[in-house]
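Summary of structural features
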Amino acid sequence: MSLVAQRRYNSFFTEFIKQELLTEEQAASISEKCQEEEMDFCAYLLKTEIVPTSEIAKILAHTFKYPLFNWDTYDPQTIPRSIIDERSVAQTGVLPLYVKGNDTIVCAISNPQNVQEVEAVGSYTGLKTEIVISDHAKLMDFIGLNFSTYEINGITKEDLIKKMVDDGTVLENRQQKQEVDDPENNTPLINFLNKTLRDAVREKASDLHFEPFEKHYRIRFRVDGVLQEVSSLPPEIAPRITSRLKVWAGLDISEKRLPQDGRIRLAVTDTKYIDFRMNTLPTAHGEKIVLRILDGSLAKLGIEMLGFSALQKDMYLDALAQPQGMILITGSTGSGKTVSLYTGLNHLNKIGVNISTAEDPIEINLDGINQVSVNIKTGLTFATALRAFLRQDPDVIMVGEIRDLETAEIAVKAAQTGHMVMSTLHTNSAAETLSRLRNMGIPSYNLATSVNLVIAQRLVRKLCQKCKVIDENISEHVLQELGFTDAQIETGFTIYKAKTTGCDLCDSGYKGRVGIYEVVKITPEIAKIIVEDGNATQINEVSQKLGFNNLRQSGLEKVQLGLTSILEVMRVTTNN
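My aim in this report is to walk through the structure given alongside it, one point at a time. Every value quoted in this text rests on a predicted model; they were computed, and no experiment measured them. (Residues numbered from 1 in each chain as written. Predicted model: local features only at pLDDT ≥ 70, side-chain atom pairs only at ≥ 80, totals over all residues. Heavy atoms only, no water.)

**Re the overall build of the chain**
When helices and strands are tallied, the chain shows 24 helices and 18 strands. A burial count over the chain gives 49% of its 576 residues as buried. Here the contacts in the chain between residues at least 6 apart in sequence split such that 65% fall between residues at least 24 apart. (Helix = DSSP H or I, 4+ residues; strand = E, 2+ residues; numbered from the N terminus. Buried < 20%, exposed > 50% of the residue type's maximum accessible area, 1.4 Å probe, protein only. Contact = heavy atoms within 4.5 Å.)

**Section: the nonpolar core**
If you look at the biggest cluster of nonpolar residues, it comprises 65 residues, and the most contacted ones within it are Tyr-316 and Met-422. With six residues, the top contributor of residues to this core is helix H16 (residues 405–416). Setting aside its immediate chain neighbours within four residues, Met-422 contacts Tyr-316, Leu-320, Ile-327, Leu-341, Gly-344, Leu-345, Leu-348, Ile-397, Met-398 and Val-399. Judged by nonpolar contacts, the second largest core, of 41 residues, contains Phe-16, Cys-34, Val-94 and Leu-97. (Core = buried A, V, L, I, M, F, W, Y, C linked by side-chain atoms within 4.5 Å.)

**Focus on the sheet that holds strand S8 (residues 273–283)**
In a beta sheet, neighbouring strands pair by backbone hydrogen bonds and run either parallel or antiparallel. The strand order across the open sheet built from six strands is S6-S5-S4-S9-S8-S7, with neighbouring strands paired in antiparallel fashion. The open sheet has two free edges, formed respectively by strand S6 (226–233) and strand S7 (260–267), since each of these has just one partner strand. Across the sheet, the mean angle separating the axes of adjacent strands is 20° when strand polarity is ignored. With four bridges joining them, strand S4 (residues 205–212) and strand S9 (residues 286–294) adopt antiparallel strand pairing. Within S9, the residue paired with Leu-208 across the bridge is Leu-291. In the packing of helix H11 (residues 188–202) onto the sheet, contacts are made with S4, strand S5 (217–223), S6, S7, S8 and S9, and the angle to S4 comes to roughly 140°. (Pairing = 2+ DSSP bridges. Axes fitted to C-alpha atoms, helices over the stretch in contact; angles between N-to-C directions.)

**Describing the layout of surface pockets**
If you add up the space inside the second largest pocket, you get close to 570 Å³. Considering the residues around the second largest pocket, the lining is formed by 19 residues, among which Asp-261, Gly-262, Arg-277, Asp-360 and Pro-361 are closest to the centre. Those elements that place two or more of their residues in the lining of the second largest pocket are S7, S8 and S9. Examining the composition of the lining of the second largest pocket, we find that four residues originate from one element, S7, more than from any other. (1 Å grid on protein atoms, 1.4 Å probe; cavity = no way out; pocket = protein on both sides within 12 Å on 5 of 7 lines; lining within 4 Å. Points joined across faces, edges and corners; volume = space filled by probe spheres on them.)

**A short note on the pattern of salt bridges**
Opposite charge on two side chains permits pairing when their charged atoms draw close. Inspection of every chain in the model, using the stated rule, returns 20 salt bridges. Its salt-bridge partner being Glu-363, residue Arg-277 comes within 2.8 Å of it at the nearest N-O pair. Placement of Arg-277 in strand S8 and of Glu-363 in the loop between strand S11 (355–359) and strand S12 (370–373) is noted, with a sequence separation of 86 residues between them. Owing to a relative accessible area of 24%, Arg-277 belongs among the partly exposed residues under this scheme. Judged by its relative accessible area of 17%, Glu-363 is buried. Via salt bridges that share partners, Glu-211, Arg-218, Arg-220 and Lys-288 belong to a single interconnected network. (Salt bridge = Lys/Arg side-chain N within 4 Å of Asp/Glu carboxyl O.)

**Here we look at the side chain of Ser-444**
Relative to the helices and strands, Ser-444 resides in helix H18 (residues 444–450). Residue Ser-444 is classed as buried on the basis of its relative accessible area of 9%. Only 3.4 Å separates the side chain of Ser-444 from the backbone oxygen of Ile-530, close enough to count as a polar contact. (Polar contact = N/O pair within 3.5 Å; in protein donor to acceptor, adjacent residues only side chain to side chain.)

**A closer look at the packing of aromatic side chains**
Per the counting criterion, the structure on display carries nine aromatic pairs. On the basis of an interplanar angle of 85° and a centroid distance of 4.9 Å, the ring pair of Phe-69 and Trp-71 is categorised as edge-to-face. Grouping residues by exposure puts Phe-69 and Trp-71 together as buried. Summarising the aromatic geometry, the rings of Phe-484 and Phe-493 are spaced 5.1 Å apart at their centres and angled 40° between planes, so their arrangement reads as tilted. Following the ring pairs from residue to residue traces out a cluster consisting of Phe-69, Trp-71, Tyr-74 and Phe-142. The ring centre of Tyr-510 lies 4.1 Å from the NZ or CZ of Arg-461, which sits over that ring. The ring of Tyr-496 carries Lys-468 above its face, with NZ or CZ at 4.2 Å from the centroid. (Phe/Tyr/Trp six-rings, centres within 6.5 Å; stacked < 30°, edge-to-face > 60°. Lys NZ or Arg CZ within 6 Å of the ring centre and 35° of its normal.)

**Thoughts on helix H24 (residues 566–573)**
Within the span of H24, buried status applies to Ile-566, Glu-568, Val-569, Val-572 and Thr-573. Buried residues of H24, viewed axially, fall in a sector of 160°; they line one side. Turning to H24, the residues buried within the fold contact strand S15 (451–463), helix H19 (476–482), strand S18 (510–521) and helix H23 (551–560). (Arc of directions from axis to C-beta.)

**Observations regarding the packing of helix H17 (residues 430–440) against helix H22 (residues 536–545)**
For any two helices packed against each other, one specifies the crossing angle of their axes together with the interaxial distance. At their nearest, the axes of H17 and H22 sit 8 Å apart, and the two run at 145° to each other. Seen from above, H17 lies across H22 with right-handed handedness. Between H17 and H22, the contacting residues are Ala-431, Glu-432, Leu-434 and Ser-435 on the first element and Ala-536, Ile-539 and Asn-540 on the second. Across the contact of H17 with H22, the residue classes break down as four nonpolar, two polar and one charged. (Left-handed = near helix turned anticlockwise from the far one by under 90°. Nonpolar A, V, L, I, M, F, W, Y, C, P; charged D, E, K, R; others polar.)

**Overview of the packing of helix H13 (residues 310–320) against helix H14 (residues 337–348)**
As a packed pair, H13 and H14 sit with axes 11 Å apart at the nearest point and diverge in direction by 55°. Classified by the angle their axes make, H13 and H14 are oblique. The two elements H13 and H14 meet at a crossing, and its hand is right-handed. Taken together, the residues of H14 that come into contact with H13 (itself represented by Tyr-316, Leu-317 and Leu-320) are Ser-340, Leu-341, Gly-344, His-347 and Leu-348. Its residues assigned to classes, the contact of H13 with H14 shows five nonpolar, three polar and no charged. (Parallel < 35°, antiparallel > 145°, perpendicular 65-115°, else oblique.)

So, in structure tokens, the structure goes:
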């Protein structure tokens, strides 16, 4: 290490004391342990996490004058895989992020002691190098997810499929269980499934579908709300894949006549896991399996990342700040209700707040929140859990879904007696949500005094920002028919559409999704309509007068911002 680097490293050491992240006694103790273990100070901190890795990264960036890398804006597809040594990435923790210009490769590190490894990247790529500092935990999680041992060893998915076929076709159940239940077994089948699940997480899929048919076995991912085929396998492989997944999820591999539910946990690194909710369904040619990816990090994105307009975000935050009342989130399956709900819970999750949830099943585990998994077979229903919560001194109650009158009645009473209640329903709009509860049997005056806010939502695909093209065939008259106001049209915004052939970052001209929302606050005007048994149409009319955008209007705002296309908004909001 150069003299300048050594001085900076000493400065890095003392900076933790200056910022009161370590006491002088702690620093002295750590220094002694580093000498005993022959480990540098930074490596010791990163290993033990005595100080949060995010704080270590900030101090490193400041001390060594390197940029601090922002993972939120990074696209994994920019990794220059064709020119880097993937084995080296996994071994050294130095990640080449992207090529800048034509002659520079930008590398992320979490410890400046890895500068020599960065220089090695420059040597074997023939490019100049630039360094950015990364949060160590995020860097290790990313490498663990994107550089699995199967890829490092040069084994492709096609190789694994061939090996599975060569290993034999259908095995006896006893042999199958021995094969899939052995944690040390590294068969092509296990490697293939691990790689498939990792690929799904990497592609940001929401679901995986394993589907048996007479002449083939199909695997599909749902990415950005659209199913796409990723593998077509010989049908004789199906029983082995099914048995492996069922054992992994703790299900009965001998039961093939009834649906089963389970949960799979995939280790990404020593400390990072991805959970999958699994469901089996008997079909004509075997058991179909669907895995739902449960990504707990989505709940921690923050309300500002959900896609609300400024007014909608303020209304949601104001409702969350109320000491009592009900917040209802509605939408179709896969519309993002869970993420919106958990984001609100995470916002409320503080040491002085007692939060209890009843869920079927628990999708995201949140530290500091008391989560109860509903079990109908044992009699633990939503209503039973709610009654128990009210004897547990709760501040906030979350009910996964209001499905029946009993649950709705208890939730309404809780909202009227000093508790914040959050829940979901399956309806098309905010106004229809109120009508649905009334049709269940909840008196209108109880709805008017208990419900604070209703959010209806959908997810639209975002245009790929690299290849989107201007849509020049939209006239002013068409814009007015679509629902744009004269004031919006006068701003002279540009309308974009998807490039049908896509680009190297996307396949269809779309990449990622964003929420569109109808957020309705129960004002005195709307409460009056509810009490008078007004219908959804009347509530919608008043909502429009009060400036509450419906789903179509919210989608058109995203079009105006260049985030999505008119076709996508029309697809998602038709009949809403």
